[in-house]
Each structure stands twice: as structure tokens, then as C-alpha cells.
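# Inside the fold
Residue-level listing of the chains:
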Amino acid sequence: MAKQILLNNIDIPGLASYEVYRKLGGYSSVEKTLKNFTPDEVTAEVKKSGLRGRGGAGFPAGMKWGFIDKSTDNPRYFVCNFDESEPGTFKDRHIGQLNPHQLIEGMILGSYALGARTSYIYIRGELFYVLRIIEKAIDEAYRNGFLGENILGSGYSLDLHCHPGAGAYICGEETALIESLEGKRGNPRIKPPFPAIVGLYNCPTVVNNVETIANLPWIMNNGADAYAAIGIGNSKGTKLISACGHINKPGIYEIELGLPVEEFIYSDEYCGGILNGKKLKAVVAGGSSVPVLPAELILRTANGEPRLMSYESLSDGGFQSGTMLGSGGFIVMDETACIVKNLLTFSRFYHHESCGQCSPCREGTGWIEKILHRIESGKGSMKDIDLLTDIAKHIEGNTICPLGDAAAWPVASAIRHFREEFEDHIKLQRCPLSK
Amino acid sequence: MQSNTNNIEFNSETLALVNRIILRYPQGKQKSAILPVLHIAQAENNGWLSAETMDYVASLLDIQPIEVYEVASFYSMFNLQPVGNCMIEVCQTGPCWLKGSEEILAHFEKRLGIKPGETTADGKYSLKAVECLAACGNAPVIQVGTEYHEKITIEKADELLDKWQAENKCSHTNPYL
């Protein structure tokens, strides 16, 4: 059974209300932290815990906090990235909808550590029904003295607000999110300067994912050492995995990092095996942006070691034979799924979501979609396959933000591992899997 | 179809909400309220942003109209053309496609007699194919206003359509309420 840091109370009725949450020990980490820890000691604790950013990049959270510029009198901002839009990922919605106070509690801790007096939760516009739940919880936190002036008599004051997006995947990129929060188009900024130096309203800012922030109360309650004792290698703690596609039990699972992939897919405790007893064909393990792997490489590394659900094990073998943990969006495909068509839906997505600033991404994502559509509809030629690889190569690394890479990696990996399936589409002039 | 000659103006209750939202941002940074206020304005203007509506938002936020136009045209939730009373958005990205979203979209097309991006002649429904709604565990997923409907089947789609037809469904409601 996984360690339950994030979902231990998730099934308790009324958890979204302050009363129920508080009765279960909620907000105790705020009482403890404001009394016993200086802001820098909180940052040190998070550093020591080994918590890594759960939005996809996996950057150490405490280190990111350590970069914040505290040398000036400028306001500092702490922003929650709730722009969950990576195809295959639906874990943050689960927290926001069912356990909003845990997110708010984490926001208070992070804001205190960074010295932020105003903090924002940037939530994708489609999730307005979740925004309303969080706003209600924020009101309750104000009424009970956990937000507002002089929290618990500590002298520390904090205002917390929700801010809706309006349908733009790119705003999950932290500098695009900041632009959007300033009321502009979501065009990513060139880094450096990093947001920790020049962020929201040109002030020092830290942006963290919902799940990252939701871990903070547990870490402050139980200590960094207890958190670091969970997991494996440099993959500390637990991770929410959003499992979808051709499995018997789609849903959100909290796993201890280091769980074997095979157990995650086939155990009844998690995905419960492949739907209708079919054969596993491929997995996209960390949201649509990460390389797709065929069954044999997702279950075992190229060296024959069992593949584990951890940052290190999933990336073992590099992009030749590995992938990434990413956001934990785990998309499972059985033997009936067409790799080309699935890729086409991803490529249409990236084309639609490209902000248009950088030519390689703006133009390249359109070409990829067009060529994949040609192949998928039986009108492709063999040279289209190499053309796709070439376009992907020219996007990767040549854009301001990682959306370009995210659009390129799925294409390159699908061709690397499933080239025959592309060739069959071209030879048969139709999808080889359609009857 | 709605006429686009209306002059939009919020009632006092909505104006109070807008002013509360503006106060969430530092003084002089009221432009930050543009997305929340555009959401409200779109709902009040039958689901789309006319030039007059965007100009009104610009005046509320004390910014230039162009600053509103360039933002409204960037974000896919904002409609710059009139739409039907009830906008049905069907997710088409990988995880929903794996679970049959193409059949669901085709069924809505057949029942409504329109293609994605179109509105029925009576102005009641618009259909839109959208990208990932981040509810992939319950694929296929559709969105209507601020409601999600998950694990959609042909039968469930029919039930919903019949229900919306009976209640003359409008999906353009103030998302904050």
C-alpha cells in the first residue's frame, strides 16, 4: 500500500469544508510553522525533503525557492500553477475539487517561506466549477484566521486569490502563466531572468504546481527526514499518477515513487490490467509530451531491469529506450490502438496550443499535423516519415519555451519505436488496424 | 443568432463583483482582471464577445480597447462570433479519442445537423471540438458552460440533449455564481 500523503482523507465526505478538514488535523502545519520556524528554515526543510516539482519538470522545489531574490523591498509573489492541461493529466483537479484546504494550507506555508503577502492560484478557465469550490474554501480560511491580517497572531499577513485562465495550454509554462496573470497573451518570456528574480509585475516570484504545494503541510508536520525516507534514489515521496486509456481501473493513484511499472499496470490495487484482457501495446508515461514506449520497454529497461515509477528509472536509457515521469499522466494503449492516430491527436493539440512566438514551433507543429493527417488517411509517402523526424529535430531546442520540445518528442519516439506502423499506413493506404 | 448592436452594461451586482475582482491585484495592475472580467462579459453577452462588449471591458479596466482585443483573440474560451444558446464542447485529444470521442462527436453532429464550429439554424446549439479538458480518467468528456459531463456514451449524449431541449438550456451563465 502506498504512503498516503495526498489522498489519505480524499474519500471522507465533506472534506472540502473547513470543519471536516480541520477536525482531521488540517491547518496544524500552519500553527506549527508560524510559531516554530523562520521563513528560511521552511525553505531549508523543503530542500532537505527532496520534494521535486510535480508539474512535469521535476525540478527540486526547495532549490527553486532558494533562488528568490530577498535583497530588495519589492513585493514577492507565490503563485500556484493550476493550469492542468497536459493531455493524460487530471490529478490537480482531484485535489482542488475534493481537498481545497490542503492546497490553501500549502499556499500559506510557501507564501510564508518566500515572504509573499499576496498569492494567486491560477486555474484553467474550463475548471470554473473547481474555482468556485476553492474560493469558498478561501473564504472559510479567512473567517477562521488562517488568511488575512496577522495570521494566528504571528504578525504574518497573507491574501490569497483565485485567477481563471481562458483556454491556453501554454499558460502552464510558468512565464506564460505570469504574462497571463498580468492580463496579457500567454507568450512565454525568454529566461534568464528567471521568475525568482523578475516575475509577476517584475517582482521576485515562485510558481509551483498544485501537487507540489499540497505536499507541504505533510512535510512541515512530519519533517523533511520522514518525507525523504519515502521513495527511491532522488525520487522522494509519493506521486499522484493519473491513469487513463485502455485499463480496467482508470483514476488517480498515489504511489510511493519506486513502484514497479508492471505492478502499477497489472495489480488490482492500481490500474487492474488491460481492458477486456487485451495485450498491452504502448504507454505514454508522463503526459502527452513525453516519449511513448512500447510494452517491452515500459515494463523493463533496455538492460532488462524492471522499470520503476521514478524520475530515474523511467528516464533510464535516455530517449533511445527511456521516457520521463513528467506530470504522471499515464496513458495506456492496448493492441487495438493506432499509434499514428493517437500521435495525430497529440500533434493537433500542440499545433492548436502553440502561442505562435517562435517560427519553428508555430510552423513546425502545423506541418507535423498536416503530414500525420496525410499518413493516417492513407495518402502518405515513405519520405514523409523522415520528413517528420527532420521537422521534429528542427523544433527541438530551438524555441523560447519547452512547448516545442513537447511537440517534437512524441513524434520522434513514435517513429523510433513504431516505424513499421507508419510504413504499413503508407503501403496499405489505410490504417492497418481498422477492419 | 444574437444581434451585435446591443450596448452591454453590467447591473450593479455584477459591477460589484467586477470591482471586488479588480481589488485582488495591486493598485495600477487592474489589467490583471482582464480574463475574469471577459469571462463574465461573455456570459452576459449570450456567450460571445462583440467589439462593443470588449470596449466596455476596456473602459471598466481603464485600458485601451486593443489590449482587450489582443487578449480575447488569444484564448480559445473566448468566442469572437455569435454562438448558440447552448455550446457543447467535445474533447478530441488522445485519451478521449482512445475511449471513443470521435463517435460521440459524430453523434452530436448527426443529432444537431451541424459540424463543429457551427450553430443550429434556430440558434439553440453550437458544437465545438476542443482539446484536452483534463478529465481523461473519465473519458470521453464534454463541457457545457461550467459543467463537465464525463464517461459519455451515445445513450448519455441522447439523454443530455433531450434534457437540454426540454429545459431550453443556456450555457452562458456568470461563471462566478
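Positions within a chain are numbered from 1, following the residues in the order the chain's sequence is written. Chain A is the first chain written and ligand 1 is the first ligand written, with later ones labelled in order. Only residues with pLDDT of at least 70 get local features here, since the model is predicted, and only at 80 or more are side-chain atom pairs given and counted; chain-wide, interface and lining totals rely on the full set of residues.

## So, the overall build of chain A
Counting from the N terminus, the helices are DSSP H or I runs at least four residues long and the strands are E runs at least two residues long. The helix and strand tally for chain A stands at 19 helices and 13 strands. At 22 Å, chain A has a C-alpha radius of gyration in line with the 22 Å of a compact globule built from 435 residues. The principal-axis extent of the C-alpha atoms belonging to chain A is close to 75 × 45 × 35 Å. Residue burial here comes from a neighbour count, namely the number of other C-beta atoms, placed from the backbone, that lie within 10 Å of the residue's own C-beta, with 20 or more meaning buried, 12 or fewer meaning exposed, and in between meaning partly exposed. When each of the 435 residues of chain A is scored for burial, the buried share is 56%. Within chain A, contacts between residues at least 6 apart in sequence are counted, and of these 71% link residues at least 24 apart. It is over C-alpha atoms that the radius of gyration is taken, and the globule rule equals 2.2 Å times the number of residues to the power 0.38. Whether two residues are in contact depends on their C-beta atoms, placed from the backbone: they are in contact if these lie within 7 Å.

## Digging into the overall build of chain B
Counting its regular elements, chain B contains seven helices and four strands. Along its sequence from the N terminus, chain B presents helices and strands in the succession α-α-α-α-β-α-α-β-β-β-α. Overall size of chain B, expressed as C-alpha extent along the three principal axes, is 50 × 35 × 25 Å. Buried positions account for 44% of the 177 residues belonging to chain B. Residue pairs at least 24 apart in sequence account for 62% of intrachain contacts in chain B once pairs closer than 6 positions are excluded.

## Let's talk about the interface of chain B and chain A
One frequently used descriptor of interface size is the decrease in accessible area upon assembly of the parts. Tallying the contact residues gives 36 residues for chain B and 44 residues for chain A. Elements that contribute at least two residues to the side of chain B that touches chain A include exactly α2 (34-44), α4 (65-72) and α5 (94-98) of chain B. Per-element accounting of the side of chain B that touches chain A gives the leading share, five residues, to α2(B). The class makeup of the residues in the side of chain B that touches chain A is 21 nonpolar, nine polar and six charged. The residue classification treats Ala, Val, Leu, Ile, Met, Phe, Trp, Tyr, Cys and Pro as nonpolar and Asp, Glu, Lys and Arg as charged. All others, Gly included, are polar.

## Looking at the sheet that holds strand β13 (residues 329-334) of chain A
Residues and elements named next belong to chain A. Here the rule is simple: two strands pair whenever DSSP picks up at least two bridges between them. An order of β8-β7-β13-β10-β11 is seen for the five strands of this open sheet, with the pairing classed as mixed. Edge positions in the sheet fall to β8 (251-256) and β11 (292-294), since each of these pairs with one other strand and no more. Direction aside, neighbouring strands of the sheet carry axes that sit 30° apart on average. Pairing of strand β10 (residues 280-284) with β11, which is carried by three bridges, proceeds in the antiparallel orientation. For helices, the fitted line uses only the C-alpha atoms of the stretch in contact; every axis is such a line through C-alpha atoms, and the angle between N-to-C directions lies from 0 to 180 degrees.

## Topic: the domain arrangement of chain A
Residues and elements named next belong to chain A. For the purposes of this description, domain bounds are those given by an automatic or database domain assignment. Taken domain by domain, chain A consists of domain 1 (18-228), domain 2 (233-334) and domain 3 (339-428). Distance between the C-alpha centres of domain 2 and domain 3: 23 Å. Each side of the interface is counted separately: domain 2 has ten residues, and domain 3 has ten residues. With three residues, the top contributor of residues to the side of domain 2 that touches domain 3 is β11. In the side of domain 2 that touches domain 3, the residues fall into eight nonpolar, two polar and no charged.

## Observations regarding the domain arrangement of chain B
Split into domains, chain B comes out as domain 1 (12-72) and domain 2 (86-167). The C-alpha-based centres of domain 1 of chain B and domain 2 of chain B are spaced at 29 Å.

## Details of the environment of Ser157(A)
Residues and elements named next belong to chain A. In this fold, Ser157 is placed in the loop between α7 (128-143) and β3 (159-164). With 196 residues separating them along the chain, Ser157 and Glu353 place their C-alpha atoms 38 Å apart. Sequence-distant contacts of Ser157, that is, excluding residues within four places in its chain, are made with Arg117, Gly148, Glu149, Asn150 and Ile151.

## Some thoughts on the packing of helix α3 (residues 39-49) of chain A against helix α6 (residues 100-114) of chain A
Residue and element names in this part refer to chain A. At their nearest, the axes of α3 and α6 sit 7 Å apart, and the two run at 115° to each other. Seen along the crossing, α3 lies across α6 with a hand that is left-handed. Only Leu109, Tyr112 and Ala113 of α6 make contact with α3, whose side of the interface consists of Pro39, Val42 and Thr43. Left-handed describes a crossing whose near helix is turned anticlockwise from the far helix by less than a right angle; the clockwise case is right-handed.

## As for the environment of Gly106(A)
Residues and elements named next belong to chain A. Counting through the fold element by element, Gly106 comes out in helix α6. Along the sequence, Gly106 and Pro217 sit 111 residues apart, while their C-alpha atoms lie 5.6 Å from each other. Those residues in contact with Gly106, other than ones at most four positions away along the chain, are Ile213, Ala214, Leu216 and Pro217.

## Re the sheet that holds β3(A)
All names here are of chain A. One open sheet holds the four strands; their spatial order is β3-β2-β1-β4, and the pairing between them is parallel. What marks the edges here is a single partner per strand, and that holds for β3 and β4 (205-209). The sheet shows a mean angle of 20° between the axes of neighbouring strands, taken without regard to direction. Taken together, the six bridges between strand β2 (residues 118-123) and β3 define a ladder with parallel strand orientation.

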